[in-house]
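Residues per chain, in single letters:
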Amino acid sequence: NGENETGLQRLLGLIAEDVIQIPVIGELLANRDDKGRPDSVNYDRIAVALIPLLKNLNDRLTALETK
């Protein structure tokens, strides 16, 4: 569509190379191709992976608020 964005749908996504670098869980959230290169993201696992992180942030915020 050249430089014209009219009529184009905007979508959000993640880059497999970035996702796979996330410590501890990156390998669970992204897949590698037959040459070992990151090539896709397991979007169905993203929300589940965020639950412990959000809980940790909430616990830290609560601790700060009670000081």
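Above this text sits the structure in question.
Report on the accompanying structure. (Residues numbered from 1 in each chain as written. Predicted model: local features only at pLDDT ≥ 70, side-chain atom pairs only at ≥ 80, totals over all residues. Heavy atoms only, no water.)

Brief notes about unusual backbone geometry
Here is the rule we go by: By the criteria applied, helices consist of DSSP H or I runs no shorter than four residues and strands consist of E runs no shorter than two, each listed in order from the N terminus. Each residue is assigned to one of three classes by its accessible area relative to the maximum for its type, calculated with a 1.4 Å probe on protein chains only: buried under 20%, partly exposed between the two thresholds, exposed over 50%.
Positive phi outside glycine occurs at Val24, with the angle close to 70°. Along the polypeptide, Val24 turns up in the loop between helix 1 (16-19) and helix 2 (26-29). By relative accessible area, Val24 is classed as exposed at 80%.

Topic: the side chain of Asn42
For clarity, the threshold we go by: In protein, a polar contact requires one atom able to donate a hydrogen and another able to accept it; more generally it is a pair of N or O atoms within 3.5 Å, and residues adjacent in sequence count only if both atoms are side-chain atoms. Whether two residues touch is decided by their heavy atoms; if any such pair falls within 4.5 Å, the residues are in contact.
Residue placement: Asn42 occurs in the loop between strand 2 (38-41) and helix 3 (43-65). Since its relative accessible area comes to 12%, Asn42 is described here as buried. Here the side chain of Asn42 touches Asn31 through a polar contact of 3.0 Å, side chain to side chain. Contacts of Asn42, omitting those with residues within four sequence positions, involve Leu28, Leu29, Ala30 and Asn31.

Observations regarding helix 3
Counted only if it meets this: Each helix should span, by expectation, one fewer than its residue count multiplied by 1.5 Å. The quantity called bend is, for any residue, the angle between two axes fitted respectively to the seven residues ending at it and the seven beginning at it.
The terminal C-alpha atoms of helix 3, which comprises 23 residues, lie 33 Å apart, in line with the 33 Å expected from a rise of 1.5 Å per residue. Along its length, helix 3 reaches its greatest deviation from straightness, about 30°, at Ile51, and the proline Pro52 lies no more than four positions downstream.

Concerning a nonpolar patch on the surface
How we decide: What makes a patch is a set of residues exposed beyond 30% relative accessible area and free of salt bridges, joined within 9 Å when like-charged and within 5 Å when nonpolar (Val, Leu, Ile, Met, Phe, Trp, Tyr). Residue exposure ignores everything except the shown protein chains as possible cover, and the areas themselves are Shrake-Rupley values with a 1.4 Å probe. What makes a salt bridge here is a side-chain nitrogen of Lys or Arg within 4 Å of a carboxyl oxygen of Asp or Glu, nothing more.
The grouping of Leu50, Leu53, Leu54 and Leu57 at the surface amounts to a nonpolar patch, some 380 Å² of accessible area in total. Checked against the element boundaries, Leu53 lands in helix 3. For Leu53, a relative accessible area of 47% puts it in the partly exposed group.

Here we look at a negative patch on the surface
Test applied: The charged-residue count follows a simple rule in which Lys and Arg add positive charge and Asp and Glu add negative charge, with His and chain termini not counted at all. All charge positions are set by atom: Lys at NZ, Arg at CZ, Asp at CG, Glu at CD.
On the surface, Glu17, Asp18, Asp34 and Asp39 cluster together into a negatively charged patch. With respect to the element layout, Glu17 can be found in helix 1. Judged by its relative accessible area of 40%, Glu17 is partly exposed.

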